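Commentary on secondary and tertiary structure
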There are 2 protein chains.
Amino acid sequence: MRVEIINTGTELLLGQITNTHLGFLAQSLFGLGLRVERQVTVPDGPAITLAFRDAMARADLILVTGGLGPTSDDITREAVAEAFGLKLIFHQEILDGIAAKFAERKFVMNELQRAQALVPEGGVVLDNPFGTAPGLIVEDGTTVAVLLPGPPGELRPMWQNEALPWLRKRFAGRLPPVHEVTLRVLGLGETRVQILLEDEVKALGPVEVGYCARPGEVDLRLIAPEESLVRKAADLARAKLGDAIYAEGAATMEEVVVRVARAAGKTVATAESCTGGLVASRITNVSRSSEIFRYGWVTYANAAKMTELGVPAGLLETHGAVSPEVARAMAEGALRGSGADLAVAVTGIAGPTGGTPEKPVGLVYFALARADGQIEVIERNLSTVRETFKSMAAQIALDLLRRALG
Amino acid sequence: MRVEIINTGTELLLGQITNTHLGFLAQSLFGLGLRVERQVTVPDGPAITLAFRDAMARADLILVTGGLGPTSDDITREAVAEAFGLKLIFHQEILDGIAAKFAERKFVMNELQRAQALVPEGGVVLDNPFGTAPGLIVEDGTTVAVLLPGPPGELRPMWQNEALPWLRKRFAGRLPPVHEVTLRVLGLGETRVQILLEDEVKALGPVEVGYCARPGEVDLRLIAPEESLVRKAADLARAKLGDAIYAEGAATMEEVVVRVARAAGKTVATAESCTGGLVASRITNVSRSSEIFRYGWVTYANAAKMTELGVPAGLLETHGAVSPEVARAMAEGALRGSGADLAVAVTGIAGPTGGTPEKPVGLVYFALARADGQIEVIERNLSTVRETFKSMAAQIALDLLRRALG
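Residues numbered from 1 in each chain as written. Chains lettered and ligands numbered in written order. Predicted model: local features only at pLDDT ≥ 70, side-chain atom pairs only at ≥ 80, totals over all residues. Heavy atoms only, no water.

**Focus: the overall build of chain A**
For chain A, the count of helices and strands is 14 helices and 17 strands. For 406 residues, the compact-globule estimate of 2.2 N^0.38 gives 22 Å, and chain A exceeds it by more than 25% at 28 Å. The principal-axis extent of the C-alpha atoms belonging to chain A is close to 85 × 60 × 40 Å. Taken over 406 residues, chain A has a buried fraction of 56%. Looking at chain A alone, contacts between residues at least 24 apart form 66% of all its contacts between residues at least 6 apart. Surface summary for chain A: the accessible area is close to 15,800 Å², and the carbon and sulfur share equals 53%. Taken together, the 41 basic and 48 acidic charged side chains of chain A have centroids lying 4 Å from each other. (Helix = DSSP H or I, 4+ residues; strand = E, 2+ residues; numbered from the N terminus. Rg over C-alpha atoms; globule rule 2.2 N^0.38 Å. Buried < 20%, exposed > 50% of the residue type's maximum accessible area, 1.4 Å probe, protein only. Contact = heavy atoms within 4.5 Å. Areas by Shrake-Rupley, 256 points an atom, 1.4 Å probe, with all protein chains shown as cover. Lys, Arg positive; Asp, Glu negative; His and termini not counted. Charge placed at Lys NZ, Arg CZ, Asp CG, Glu CD.)

Laid out in structure tokens, this is it:
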């Protein structure tokens, strides 16, 4: 079954608002075993007719968002009726419903609202409890079109409560099984991951392998027609990639850290120089992180490293702030000062200034200190773009906590 | 001139990531006097070829994002070369550049990277300082195609620094004049801003007024055919909105804070509870922020507020951590501990848990302490959505610094 989405709205093409419908509908359709094969955004007006005719030539199911309102540029209803060769029939009961909503809010209804009471012959009307324009489902025997209102607050409940159940019934038996696993991998490039496992994964059977790369990491996406096959593929990936896989599904690194720390009943502390508070901020993005995180320091200057974390002045003079020795002393100081079970420290050169031949921009040292006295120090050369550097460094610092907790 | 955008990426059609390229590129093109007439999203693979041929039939300028990487599903380069009937030529110097980047990061390059050194005959190569895949500009006399990498951190600088200047030159004379000023406003809703000035602005002449609202703030976009007119409109907006305007253009609040503090030769410190390090992290996103920021504390637990900032236990017991008194003591403690000229403190309830009838989720207190002993404390009720709460609270804390420095 071919599924396409048409998003209408000039504001989308002016970049004034971001299209959140595609993601919402695509995820929901995937749960039905359906995949969106194409999405197009067109401005309000006649382009909608062309886009719909174009999609009809390919798709079995077409979702159209927006253009159901009462104003002159809202022509989705007309466009679809015309493409299917159906008359628009006026429904008094729909207009009465709209009138009642206006009365409720003490608004005066004008005659433009009448357009929203027009329904293509034989169309199914989807109730819109959160707005005036009803949704519509129209079909011609080969193509099913679902017309949804543009405002997310109207579209989402209408989709969940009306359109989705209707589609489940309408396509019962025709919905192919689709099983997906996404594994989030840190510290290996996408080509490395492909070389490590793509051939072997594909040898297991019809598994679709996809890669979505971000700085320093990659999401590995495995899709197969059977649960057992996608599981087998995921197990193979786990065997090959080991604990470079930090999450399955959409979980973020900080969510994993908080979950694992809560499960272990352990607390963590942070001592940050070059990441400037980003590690702490990401931990505290997670609800209930207060159970595992209590103390964080942003010791951006050497003086702060000395007075707040007790880093010896001598260490800073001898080795410089960006050194394994200072990273280690920062982590030890944070552990002492916080009484936490684990403390992670980050010190590096975020740039663009401050690099030297021996210590270039992008160089960073991490230290992980444990209450039992064990300490681990690592060195990395990361991006020379400041914000990318910070996010990669924060991710590695969080990963050190994850590995120490897991 | 017809402009279309093709976004490639199966993850977009699976709803795993949101398309932020369209908004970024559309706004930038608008600045050139160009409007995007159509946007399509297609999965990685052969669909790219079909979508490109389809767009070629209509568009003068086609932007393609994604599919330039080294893995098997990255075929944009091949698709466009094929559609234009051009051979792909291997460029050793591109591969050498990629090899150098791998060497810099101490990574080993593998043979798959070679694909990124292929360029359609006569194509313009766009340097990618933040990744391996170069961008490409290819044309056949009627249609210009700009191929950009998928990761936003690579696409955006490449667009700004390479593609945009090239297009300005290439289409010089064909671009209608557009002058734009964006004013960033904190603490006023978009309807309030509209009521305050839209009629008077429009009375000045043909000025297009646009609003882009974010939680707690709004960007006011003024567009006119003449520079003088857009300036007049901006001056009027400044007269009406005063220091609620924190920036002109794309500057972030933290960039303004660092710029103003550097100009004034002053240093700032942060004491954060509910924002969890976000204020410090945003300050340190700005290059050379080390000149004005040295100390930050993330005192997430009461114990941390006492031991690190010297907040008296009695205050915490009597008033609770989320109180004007504790906010004030945190700011004073940060000022003392850091020796900075200004210290800002934030304490509130980010939720979802921890709210009470008297102190609901979203309640937050800010304190700004100055070396001269002056202190200012404010209360706000912000979003009850955790991450929105944090970003709004961080923005207000930064704004307190901006106003105190300005």
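**Examining the pattern of salt bridges**
By the definition in use, this model includes 48 salt bridges over all chains. The residue Lys202(A) makes a salt bridge to Glu198(A) at a minimum N-O spacing of 3.2 Å. Note that Lys202(A) and Glu198(A) are positioned in helix 7 (residues 190-203) at a spacing of four residues, about one turn of the helix. The class for Lys202(A) is partly exposed, based on a relative accessible area of 41%. A residue is classified by how much of its surface remains accessible, and Glu198(A), at 6% relative accessible area, is buried. For Glu291(B), the salt bridge goes to Arg262(B), with nearest N and O atoms at 2.8 Å. (Salt bridge = Lys/Arg side-chain N within 4 Å of Asp/Glu carboxyl O.)

**Description of the sheet that holds strand 10 (residues 208-214) of chain A**
Two pairing modes exist for strands in a sheet, parallel and antiparallel, and in both the strands are linked by backbone hydrogen bonds. Residue and element names in this part refer to chain A. If you trace the four strands from one edge of the open sheet to the other, you get 10-11-9-12, paired in antiparallel fashion. Looking at strand neighbours, the two that pair on one side only are strand 10 and strand 12 (245-248), the edges of this open sheet. If you compare each strand with its neighbour and ignore which way they point, the axes differ by 20° on average. Relative to strand 11 (residues 217-224), strand 10 runs antiparallel, the two being bridged by seven bridges. Across the sheet, the residue bridging to Val-209 is Leu-222, located in strand 11. (Pairing = 2+ DSSP bridges. Axes fitted to C-alpha atoms, helices over the stretch in contact; angles between N-to-C directions.)

**Focus on the interface of chain B and chain A**
Listed per partner, the contact involves 68 residues of chain B and 70 residues of chain A. Across the chain B/chain A interface, buried area totals approximately 5,600 Å², and carbon plus sulfur atoms make up 52% of it. Considering only the surface of chain B that becomes buried against chain A, Leu13(B), Leu14(B) and Tyr300(B) emerge as the three largest contributors, covering 10% of it. One can count three salt bridges joining chain B with chain A. A salt bridge links Glu11(B) to Arg221(A), with the nearest nitrogen and oxygen atoms 3.9 Å apart. Inspection of the chain B/chain A interface yields 39 residue pairs in polar contact (both at pLDDT 80 or more). At the level of secondary structure, the elements contributing two or more residues to the side of chain B that touches chain A comprise helix 1 (10-13), helix 2 (21-31), strand 2 (36-42), helix 10 (278-283), strand 14 (293-299), helix 11 (302-309) and helix 14 (386-405) of chain B. Split by residue class, the side of chain B that touches chain A holds 26 nonpolar, 26 polar and 16 charged. Where strand 14 (residues 293-299) of chain A meets strand 14 of chain B, five bridges bridge the pair, whose relative direction is antiparallel. The residue bridging Trp297(A) from the neighbouring strand is Trp297(B), located in strand 14 of chain B. (Buried area = accessible area lost by both parts, 1.4 Å probe. Polar contact = N/O pair within 3.5 Å; in protein donor to acceptor, adjacent residues only side chain to side chain. Nonpolar A, V, L, I, M, F, W, Y, C, P; charged D, E, K, R; others polar.)

**What to know about helix 9 (residues 253-264) of chain B**
Residues and elements named next belong to chain B. Taking 1.5 Å of rise per residue, twelve residues should cover 16 Å, and helix 9 covers 16 Å from first to last C-alpha, within 8% of that figure. Every buried residue of helix 9 is accounted for by Met-253, Glu-254, Val-256, Val-257, Val-258, Val-260 and Ala-261. Those residues of helix 9 that are buried lie in contact with strand 9 (179-186), strand 12 (245-248), helix 10 and helix 14. One or two positions beyond helix 9, positive phi appears at Gly-265, with a value near 65°. (Expected span 1.5 Å × (residues − 1).)

**Structural notes on unusual backbone geometry**
Leaving glycine out, the prevailing phi sign among residues is negative, and the prevailing peptide bond configuration is trans. Residue and element names in this part refer to chain A. The step from Gly-351 to Pro-352 runs through a cis peptide bond, and the omega angle for that step is 0°. Note on placement: Pro-352 falls in the loop between strand 15 (342-348) and strand 16 (363-370). Non-glycine residue Arg-288 carries a positive phi angle of around 65°.

**Details of the confidence of the model for chain A**
Close inspection of predicted coordinates is inappropriate in any region flagged by low pLDDT. Model confidence for chain A is summarised by a mean pLDDT of 93, while 100% of its residues fall at 70 or above. For this predicted complex, the interface confidence comes out at an ipTM of 0.81, alongside a pTM of 0.81. (pLDDT = per-residue confidence, 0-100.)

**Notes on the side chain of Gln39(A)**
Residue position: Gln39(A) is located in strand 2 (residues 36-42). When its relative accessible area of 1% is taken as the criterion, Gln39(A) is described as buried. Of the polar contacts made by the side chain of Gln39(A), one reaches the side chain of Thr41(A); its length is 2.9 Å. A polar side-chain atom of Gln39(A) sits 3.3 Å from a polar atom in the side chain of Gln39(B).

**Concerning the environment of Val185(A)**
All names here are of chain A. Within the secondary structure, Val-185 is located in strand 9 (residues 179-186). Sequence separation between Val-185 and Glu-217 is 32 residues, and the spatial gap between their C-alpha atoms is 5.6 Å. When near neighbours in sequence (up to four residues on either side) are disregarded, Val-185 contacts Val-193, Glu-217, Val-218, Leu-241, Ala-244, Ile-245 and Tyr-246.

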